[in-house]
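Fold and contact review
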Amino acid sequence: MNITVTDMYRVCNKYDFFTHGSNYQYNKLFDVVREDSADLTKIATIIWICSEQSYEEVYNTLVKEFC
């Protein structure tokens, strides 16, 4: 699976993910996406920390969108 930064940005905006993160944290998320886009668990954890949604909601959405 090859998730691009553009794809991740689109999903975060579509589902209102990462609304509590700073620009610095958002850029760190994109660094992880560039380096290890296959690790949805890691990406979901980062998004969950900076979002209002539950971990399960974030993870399941990523699976739905990218798998």
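Because the structure is a prediction, the values reported are computed rather than measured.

About the criteria used
Residues numbered from 1 in each chain as written. Predicted model: local features only at pLDDT ≥ 70, side-chain atom pairs only at ≥ 80, totals over all residues. Heavy atoms only, no water. Salt bridge = Lys/Arg side-chain N within 4 Å of Asp/Glu carboxyl O. Helix = DSSP H or I, 4+ residues; strand = E, 2+ residues; numbered from the N terminus. Buried < 20%, exposed > 50% of the residue type's maximum accessible area, 1.4 Å probe, protein only. Contact = heavy atoms within 4.5 Å. Arc of directions from axis to C-beta. Core = buried A, V, L, I, M, F, W, Y, C linked by side-chain atoms within 4.5 Å. Axes fitted to C-alpha atoms, helices over the stretch in contact; angles between N-to-C directions. Parallel < 35°, antiparallel > 145°, perpendicular 65-115°, else oblique. Left-handed = near helix turned anticlockwise from the far one by under 90°. Nonpolar A, V, L, I, M, F, W, Y, C, P; charged D, E, K, R; others polar.

On to the pattern of salt bridges. For the structure on display, the rule yields four salt bridges. R10 is paired through a salt bridge with E65; the nearest N and O atoms lie 3.4 Å apart. One end of the pair, R10, is in helix α1 (residues 5-14); the other, E65, is in helix α4 (residues 55-66), with 55 residues separating them in the sequence. Here R10 falls in the partly exposed class, since its relative accessible area comes to 38%.

By the element assignment, I46 lies in helix α3 (residues 40-49). Separated by 17 residues in sequence, I46 and L29 have C-alpha atoms that sit 6.8 Å apart. Setting aside its immediate chain neighbours within four residues, I46 contacts F18, L29 and V32.

Moving on, we come to α3. Listed in full, the buried residues belonging to α3 are L40, I43, A44 and I47. What you see down the axis of α3 is that its buried residues fit within an arc of 100°, all on one side. Against α1, α2 (23-36) and α4 lie the buried residues of α3.

In this structure, M8, C12, L29, I43, I47 and L62 are the most contacted members of the largest nonpolar core, which totals 19 residues. The element contributing the most residues to this core is α2, with five residues. Once residues lying within four places of it in the same chain are set aside, the contact partners of L62 are M8, V11, L40, I43, A44, I47 and C67.

This part takes up the packing of α1 against α4. Relative to each other, α1 and α4 sit at 130°, their axes nearing to 11 Å. The angle between α1 and α4 places the two elements in the oblique class. Classified by chirality, the crossing of α4 by α1 is right-handed. Facing α1, whose interface residues are D7, M8, R10, V11 and K14, α4 presents L62, E65 and F66. Considered class by class, the residues forming the contact of α1 with α4 number four nonpolar, no polar and four charged.

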